[in-house]
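Descriptive structure summary
So the chains spell out like this:
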Amino acid sequence: MTPTESLVSGTKRPLAAEEDTPSSFFLKLADWIRSSKGGFVHPDVEFVDETRELRLSTNAVGIPEGDIVFRIPRPNLVNPSTATKWSKIPQLLGQMHQGKDGLFHSSQDCIVAAYLASKPVNIQPYLDSLPSKSSLDTLPRRWRPEKLGLLGGSPLLRRIKEQQHEIKKDFARIQQCLAGVDGVPPIDFQSFDDAMACVTSRAFAGKTFDKRAEGSEESTMVPLLDLCNHERGTMLPKKNLSYEFEPDHVLVRSKGIAKGDALRITYGAQGNAQLLFNYGFAIPNNFEPDGSSNDTYEFFPTNDEASKAVFLRMGPKSYSYGCFVQALEMFIDTHSPSNGETENYMNGDAVDDLAGGPDDMEAFLNECDEENLEGEEDDVMAMYSMGLKEGVEDEEEDQPVQEELKALKAFRSRLILLSKSYAVPDKERIQHLKSANHSSEKYAAVVVISELSTIHFFARAIEAIIAALDSKQSFSDSLPPLTTEGVVNENHVSDLLDVYMKIRH
């Protein structure tokens, strides 16, 4: 992925090595792919040194939708099953699981990173296309301490520090595994660290090429495709490539590419915290066409690092209601599920699963607005509010309004406290937005502003709900004002208020 001045909102991965030129890595990479059976690189695709991106030549006539742009054969891909010389490593690492006593990164990512770090000569043209060490330093786990201070107050900082610690433990476990494999060259930590940065920022989740594991997915490095820009959300231009994993190759087709266009894909609906953490960049105004934010805020109800988090997301009621109720549940003193069933219902993923995802959740919530629904509506609504009820038929007896107000106020107070915990003052953060396009200052500012916007969204919703329950309620504290760069859709706040009152009251 190659960030550019004009595409700052649509970047995915660190730059390719700056010391390289098209003649030293792109042309060799293209020839390497073409030399494999079935390999194809469209002759009008070129690498632009100035902007560090793949694009269609300005002398071309364009590539019609559906035409093949790249065909990358299996021998040119890098994943656990194609790292043939390391066939014992998947078995060794497969015995280790992610978690407290296992690996922090997935075993597949560790396998691929270890393979890349060994610098195998058979994939040298691909190795030459990977980012330079200095470019990989855009990933926040490689930031200097003073740079990490830009994220002071953000829950992302906790994840970054955890990753900094755990990657060293992963390397130690990798070394233990490699000690049992004959003929494998030793790997130093810096090489593994660089390789893991490449994997986490560039790998695709592709279908396995290992017939023994048919139906599963593997972390796969796909040459050329990982040099394409990322586009998502409401910003223009849109992606102009599609890709799919075939039995023997990865096939990349045009979605309509005009001459001079940069090649663009989408890496999915990911929030800015996730984008910065994994890929080293962030996108201003990271919204979908329906107005839902791709950003999520990792909300902790207390400062206890062992406390469970809820990922809050702004947007239409199908996105905001489930996580809102789940977070509110944390502030209700009397809620103590007798078994895991209630807790699972209130799990953020489970709320989506019960309705088949946001689309079905939207349909259900819209049905709640229909006046002609009878007993069936009550049954379904009870399912969605189960985490706030405790087996009493009369809702007013089960959940007194005063108890509910107390929980709402505690939730709001926590949001206000979190909004005041950010280390960088607003004025300084605004200035950071105007800094160099690929600077840590700019990306940190984008992440923090998106988090503050989410905090404001849910705090405003809480205030609206409290006012609807008791118009005489007042607050002793106030939410700090949101800068003009922050975005809160008041219509979506009203939607959340309406659906909460319909379902709960």
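Summarised in this report is the structure supplied together with it. Numbers given to residues run from 1 along each chain, matching the order in which its sequence is written. Since the coordinates come from a predicted model, pLDDT governs what is reported: local features require at least 70, and pairs of side-chain atoms require 80 or more to be given and counted, while whole-chain, interface and lining totals use all residues. The side-chain numbers reported here are obtained from all heavy atoms of the structure, hydrogens and water having been left aside.

A short note on the overall build of the protein chain
Comment: elements are numbered from the N terminus, with helices defined as DSSP H or I runs of at least four residues and strands as E runs of at least two. The helix and strand inventory of the protein chain stands at 19 helices and 12 strands. Only protein chains enter the calculation, and the probe is 1.4 Å; a residue is then buried if its accessible area is under 20% of its type maximum, exposed if over 50%, and partly exposed in between. In the protein chain, which comprises 505 residues, the share counted as buried stands at 54%.

Points about the pairing of strand 3 (residues 53–56)
When strand 2 (residues 45–48) meets strand 3, the two strands line up antiparallel, connected through 4 bridges. Paired with Val48 across the two strands is Glu53, which belongs to strand 3. Note on pairing: two strands pair once DSSP finds at least 2 bridges between them. Taking the residues between adjacent antiparallel strands as the criterion, strand 2 and strand 3 are bridged by 4 residues, where Arg52 takes a positive phi near 55°.

What about the sheet that holds strand 1 (residues 40–41)?
Taken in spatial order, the 4 strands line up as 1-4-9-8 in an open sheet, and their pairing is antiparallel. Of all strands in the sheet, those with a lone pairing partner are strand 1 and strand 8 (241–245), marking the two edges. Of the strand pairs in this sheet, strand 4 (residues 68–73) and strand 9 (residues 249–254) are connected by 5 bridges, and their pairing is antiparallel. Across the sheet, Pro73 pairs through a bridge with His249, a residue of strand 9.

A few points about the side chain of Asp109
Locating Asp109 in the fold gives a position in helix 3 (residues 107–117). Look at Asp109: it is buried, it has no salt bridge, and the nearest opposite charge is Arg141 at 10 Å. Working rule for contacts: check all heavy atoms of both residues, and any pair within 4.5 Å makes them a contact. With residues near it in sequence (within four places) discarded, Asp109 still touches Met196, Val199, Thr200 and Ser219. When charges are counted, Lys and Arg are positive and Asp and Glu negative, with His and the chain ends excluded. Any carboxyl oxygen of Asp or Glu within 4 Å of a side-chain nitrogen of Lys or Arg constitutes a salt bridge here.

Quick notes on the nonpolar core
What we call a nonpolar core is a set of buried Ala, Val, Leu, Ile, Met, Phe, Trp, Tyr and Cys residues that are connected through their side-chain atoms within 4.5 Å. With 121 residues, the main nonpolar core has Leu116 and Phe324 as its most contacted residues. At 14 residues, helix 18 (residues 440–469) tops the list of elements feeding residues into this core. When near neighbours in sequence (up to four residues on either side) are disregarded, Leu116 contacts Val78, Ile123, Tyr126, Leu127, Leu130, Ala195, Val199 and Met221.

What to know about the packing of helix 16 (residues 401–419) against helix 18
Running from amino to carboxyl end, helix 16 crosses helix 18 at an angle of 155°, the nearest separation of the two axes being 10 Å. Classified by the angle their axes make, helix 16 and helix 18 are roughly antiparallel. Both helix 16 and helix 18 take part in a crossing whose hand is left-handed. In contact with Val401, Glu404, Leu405, Leu408, Lys409, Phe411, Arg412, Leu415, Leu418 and Ser419 of helix 16, helix 18 contributes Leu452, Ile455, Phe458, Ala459, Ile462, Glu463, Ile465, Ile466 and Leu469. Only Asp, Glu, Lys and Arg are considered charged, only Ala, Val, Leu, Ile, Met, Phe, Trp, Tyr, Cys and Pro nonpolar, and every remaining residue, Gly among them, polar. Considered class by class, the residues forming the contact of helix 16 with helix 18 number 14 nonpolar, 1 polar and 4 charged. A fitted line through C-alpha atoms serves as each axis, taken over the contacting stretch for helices, and the angle formed by two N-to-C directions is quoted from 0 to 180°. To sort the angles, those under 35 degrees are grouped as roughly parallel, those over 145 as roughly antiparallel, those from 65 to 115 as roughly perpendicular, and the leftovers as oblique. It is the rotation of the near helix from the far one that decides the hand of a crossing: anticlockwise by less than a right angle makes it left-handed, clockwise makes it right-handed.

Overview of helix 17 (residues 426–433)
For helix 17, the set of buried residues is Arg429, Ile430 and His432. The arc enclosing the buried residues of helix 17, seen along the axis, measures out at 155°, which places them on a common side. Elements in contact with the buried residues of helix 17: helix 18. Arc definition: it is the arc formed by the directions from the helix axis to the C-beta atoms.

Let's talk about the pairing of strand 9
Alignment of strand 8 against strand 9, held across 5 bridges, turns out to be antiparallel. Along strand 9, the bridge assignment pairs Leu241 with Ser254. The turn linking strand 8 back onto strand 9 is made up of 3 residues.

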